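# Structural description and commentary
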Amino acid sequence: MLAKPLLVAVMASLVLTACSGGQRRGPPTSVINRVLATAPGEAQPSKVVATEIEYAQAEKDEGAWAAGARFSTPGAIWHTGEGPKTAASEFARLPEPEGTAQWGTKTVVMSCDGALAVAAGRFRDLEGKVGDYVTTWVRQSDNSYRWSYNAAWRDDPQPPPRPQFEDGDIVVTAIDAVLGLVATCPRPGEPTPPPPALSLASDNPANAQLSGDGTLRWRWEHMGDGTKYFAVEYFYEGEWVTAVEEGLASAPEE
């Protein structure tokens, strides 16, 4: 997706808790060995994972920009190293890249009602560089998901090259797990407490959005030094928890 067109591996297990997702500092989560589609409630992290897989295949078949336009919301933002860009204008301006990168979802954070989600994961680009990405997904009237924001940044420094295996070597690969974090639903008649107050720098491009049910907030900022900052917080068992927070500099083309 933009910086990450082809999924590396199909996820075989989903890290979930029952009604509300795990968190960085809360009770430990466990890997539930069951099909992704069996998560309870309206918020289904598996649907976002499935959409990312579908999107990845579309990028491989149709091209990155054609698929990006088809899977995006009107006004979707592509956060490049030069700053936030309107995705549609960039798709129309840029030539289609030759080939596709590799990428895979590692974490999905969802609002209680499932209307808003953030996916985070890892990618390997066309130059062989690796890094992290985040994408926000918005549920549509037909219950499909379309992305509204995308950002990626390379690791700095890059990890050492993978070892080369020879014929006869026994190689065991890991089974990928997706961490599903679902916000706690408010009790009937009780409003969700608002998230902590924000202070966004007025001289930097930035934005923050709260889900319609008030249980998830994501925000981004483009710092003066070119750093992309992104964070997502969700309401979990009576308090707001930071699920993803990144602030890293990236090359202009990312």
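Scroll up to find the structure.
Model, not experiment: these values are computed from the prediction.

Considering all chains together, one arrives at nine salt bridges under this definition. With its nearest N and O atoms 2.8 Å apart, the salt bridge here joins R122 to D132. In this pair, R122 is assigned in strand β7 (residues 116-124) and D132 in strand β8 (residues 130-139), connecting sequence segments 10 residues apart. Residue classification places D132 among the buried positions, given a relative accessible area of 17%. In this structure, E233 and R219 form a salt bridge, with 3.6 Å as the shortest nitrogen-oxygen distance.

Looking now at the packing of aromatic side chains. What the rule picks out here adds up to 12 aromatic pairs. The interplanar angle of 85 degrees and the centroid separation of 6.1 Å between the aromatic rings of Y55 and W137 together place this pair among those described as edge-to-face. One end of the pair, Y55, is in helix α1 (residues 45-62); the other, W137, is in strand β8, and 82 residues separate them in sequence. This pair shows no difference in class: Y55 is buried, exactly as W137 is. Relative to W218, the ring of Y149 has its centre 5.2 Å away and its plane inclined at 45 degrees; by these criteria the two rings are tilted. Of this pair, Y149 sits in strand β9 (residues 145-154) while W218 is found in strand β12 (residues 216-222), placing the two residues 69 residues apart along the sequence. There is no split in this pair, since Y149 and W218 are both buried. An aromatic cluster is defined as three or more aromatic residues linked by ring pairs; in this entry it consists of Y149, W218, W220 and F230.

In this structure, A177 sits in strand β10 (residues 177-182). Placed 71 residues apart in sequence, A177 and K106 show a C-alpha to C-alpha distance of 6.9 Å.

All right, on to unusual backbone geometry then. A cis amide bond links D156 to the next residue, P157, at an omega of 5 degrees. By the secondary structure assignment, P157 is in the loop between β9 and β10. Phi angles above zero are rare outside glycine, and N143 is one such case at about 75 degrees. Under the relative-accessibility criterion, N143 is labelled exposed at 53%. Backbone geometry places E237, a non-glycine residue, at a positive phi of 50 degrees. Among the structural elements, E237 can be located in the loop between β13 (227-236) and β14 (239-249). By relative accessible area, which is 55% here, E237 ends up exposed.

This brings us to the pairing of strand β6 (residues 102-110). Counting buried positions along β6 yields seven of nine residues, so the element is predominantly enclosed. With eight bridges connecting them, β6 and β7 associate as antiparallel partners. Note on β7: the bridge partner recorded for M110 is A117. Sheet topology places β6 next to β10; four bridges connect them, and they run parallel. In the sheet register, M110 faces β10, and the bridge partner there is V182.

Each value, and the rule that gives it
- Residues numbered from 1 in each chain as written.
- Predicted model: local features only at pLDDT ≥ 70, side-chain atom pairs only at ≥ 80, totals over all residues.
- Heavy atoms only, no water.
- Salt bridge = Lys/Arg side-chain N within 4 Å of Asp/Glu carboxyl O.
- Helix = DSSP H or I, 4+ residues; strand = E, 2+ residues; numbered from the N terminus.
- Buried < 20%, exposed > 50% of the residue type's maximum accessible area, 1.4 Å probe, protein only.
- Phe/Tyr/Trp six-rings, centres within 6.5 Å; stacked < 30°, edge-to-face > 60°.
- Pairing = 2+ DSSP bridges.

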